[in-house]
Amino acid sequence: MIRKIFAVFLIFNFTACAELQEIANQLPQNSNMGNSQIAAGLQQALNFGIEKQVTKLTQTDGFYKNELVKILLPQELQKVDGALRGIGLSSLADEGLKAINRAAEDAVKEATPIFVSAVKDITFTDAKAILLGNDDAATTYLTSKTQTALYHKFNPIIKNSFAKVGADKIWSNLINRYNNLPFTNTVNPDLTDYVTQEALQGVYTMIAVEEKDIRNNLSARTTSLLRSVFALQDS
């Protein structure tokens, strides 16, 4: 039995290595560029995503008026929204939706250095495969390596931002108004967790926008490193 398991492991490991090698073989054979230089180019692309795209999220309405990342209400609060609008309180419902997006905008502003540090520390062990991957391959890799750790750093920032922008008071008022309506069940969702996860997803989404632009738009490769590294994927 042990021999069979070991044999399966060897087959799986060989197949995975073969697939990575096949991708790496797609690089021009006359290229002397090593994995470390390719990794540096991928890091620079992600940093550009933070500098050019994530900073947009920190501005007023950076989330609220960006359809790619706008934070909508969680399912358990959609009935709150509908009920309030149904009794003529649409402006109050709009204020509540805007408040959670404001908290995300404020939190991303505070947490941007965390993302910069995360990109700096990341090690692209399969840089060549990532370079020749999908349009968001580097962002996907960054997400897999940083999401859990960043969540724990991001969550208290979101909590503080809720208080800072007044979202906690707005939603307390909203939920109290809803809970006082006849024939409704009491609602008390964990908005901090929800907005934390949505804000993180918004950040990764915008980094992916820049990565895709660099991969597909020659004019977006504004440094010699980006031009030399991403030229390999064009070949």
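Residues numbered from 1 in each chain as written. Predicted model: local features only at pLDDT ≥ 70, side-chain atom pairs only at ≥ 80, totals over all residues. Heavy atoms only, no water.

All right, on to the overall build of the protein then. Along its length, the protein carries 9 helices and 0 strands. Put simply, the protein runs from its N terminus to its C terminus through helices and strands in the order α-α-α-α-α-α-α-α-α. Looking at the protein as a whole, 43% of its 235 residues qualify as buried. Nonlocal contacts in the protein, meaning residues at least 24 apart in sequence, comprise 83% of its contacts between residues at least 6 apart. (Helix = DSSP H or I, 4+ residues; strand = E, 2+ residues; numbered from the N terminus. Buried < 20%, exposed > 50% of the residue type's maximum accessible area, 1.4 Å probe, protein only. Contact = heavy atoms within 4.5 Å.)

So, about the pattern of salt bridges. A full pass over the atoms with the stated rule returns 8 salt bridges. In this structure, Arg-102 engages Glu-105 in a salt bridge whose closest nitrogen and oxygen atoms are separated by 3.2 Å. Here Glu-105 and Arg-102 lie together in helix H4 (residues 90-121), a separation of 3 residues that amounts to about one turn. By relative accessible area, Glu-105 is classed as buried at 3%. For Arg-221, the salt bridge goes to Asp-234, with nearest N and O atoms at 2.6 Å. Of the two residues, Arg-221 is situated in the loop between helix H8 (191-216) and helix H9 (224-234) and Asp-234 in helix H9; the sequence distance between them amounts to 13 residues. We classify Asp-234 as partly exposed; its relative accessible area is 42%. Three or more residues are tied together by salt bridges with common partners; here these are Asp-61, Lys-65, Arg-102 and Glu-105. (Salt bridge = Lys/Arg side-chain N within 4 Å of Asp/Glu carboxyl O.)

With that settled, consider the side chain of Thr-58. Along the chain, Thr-58 falls in the loop between helix H2 (35-57) and helix H3 (75-86). Owing to a relative accessible area of 17%, Thr-58 belongs among the buried residues under this scheme. Reaching out from Thr-58, the side chain makes a polar contact with the backbone oxygen of Thr-55 at a distance of 2.6 Å. With residues near it in sequence (within four places) discarded, Thr-58 still touches Glu-105, Val-108, Lys-109 and Thr-112. (Polar contact = N/O pair within 3.5 Å; in protein donor to acceptor, adjacent residues only side chain to side chain.)

A few words now on the nonpolar core. Judged by nonpolar contacts, the single largest core of 66 residues is most densely connected at Leu-42, Ile-100, Phe-124, Phe-154 and Trp-171. Within the residue set of this core, elements represented by two or more residues are H2, H3, H4, helix H5 (127-131), helix H6 (137-164), helix H7 (167-179), H8 and H9. Among the elements that take part in this core, H4 stands out by supplying 12 residues, more than any other. Not counting residues up to four positions away in its chain, the partners in contact with Phe-124 are Asn-35, Ala-39, Leu-42, Gln-43, Leu-46, Ile-130 and Tyr-141. (Core = buried A, V, L, I, M, F, W, Y, C linked by side-chain atoms within 4.5 Å.)

Another aspect to go through is the confidence of the model for the protein. Taken over all residues, the pLDDT of the protein has a mean of 82, while the share at 70 or more is 83%. Within the protein, the lowest mean pLDDT, 38, falls on helix H1 (residues 2-24), and the highest, 95, falls on H2. Below pLDDT 50 for its whole length, residues 1-30 participates in 14 contacts with residues either more than four positions away or in separate chains. (pLDDT = per-residue confidence, 0-100.)

Turning our attention to the packing of aromatic side chains. A full pass over the atoms with the stated rule returns 3 aromatic pairs. Look at Phe-115 and Phe-154: their rings are 6.0 Å apart centre to centre, the planes differ by 70 degrees, and that puts the pair in the edge-to-face class. Of this pair, Phe-115 sits in helix H4 while Phe-154 sits in helix H6; the two residues are 39 residues apart in sequence, bridging distant segments of the chain. The exposure class of Phe-115 is buried, given its relative accessible area of 3%. (Phe/Tyr/Trp six-rings, centres within 6.5 Å; stacked < 30°, edge-to-face > 60°.)

The backbone phi angle of Asp-61 is positive, close to 70 degrees, even though this residue is not glycine. Here Asp-61 is to be found in the loop between H2 and H3. The exposure class assigned to Asp-61 is buried, which follows from its relative accessible area of 17%.

As a packed pair, H4 and H6 sit with axes 8 Å apart at the nearest point and diverge in direction by 140 degrees. Compared by their axis directions, H4 and H6 come out oblique. In this structure, the crossing between H4 and H6 has a hand that is right-handed. Contacts between H4 and H6 pair Ile-100, Ala-103, Ala-104, Asp-106, Ala-107, Val-108, Glu-110, Ala-111, Ile-114, Phe-115, Ala-118 and Val-119 from the former with Leu-142, Thr-146, Leu-150, Lys-153, Phe-154, Ile-157, Ile-158, Ser-161, Phe-162 and Lys-164 from the latter. Classifying every residue of the contact of H4 with H6 gives 16 nonpolar, 2 polar and 4 charged. (Axes fitted to C-alpha atoms, helices over the stretch in contact; angles between N-to-C directions. Parallel < 35°, antiparallel > 145°, perpendicular 65-115°, else oblique. Left-handed = near helix turned anticlockwise from the far one by under 90°. Nonpolar A, V, L, I, M, F, W, Y, C, P; charged D, E, K, R; others polar.)

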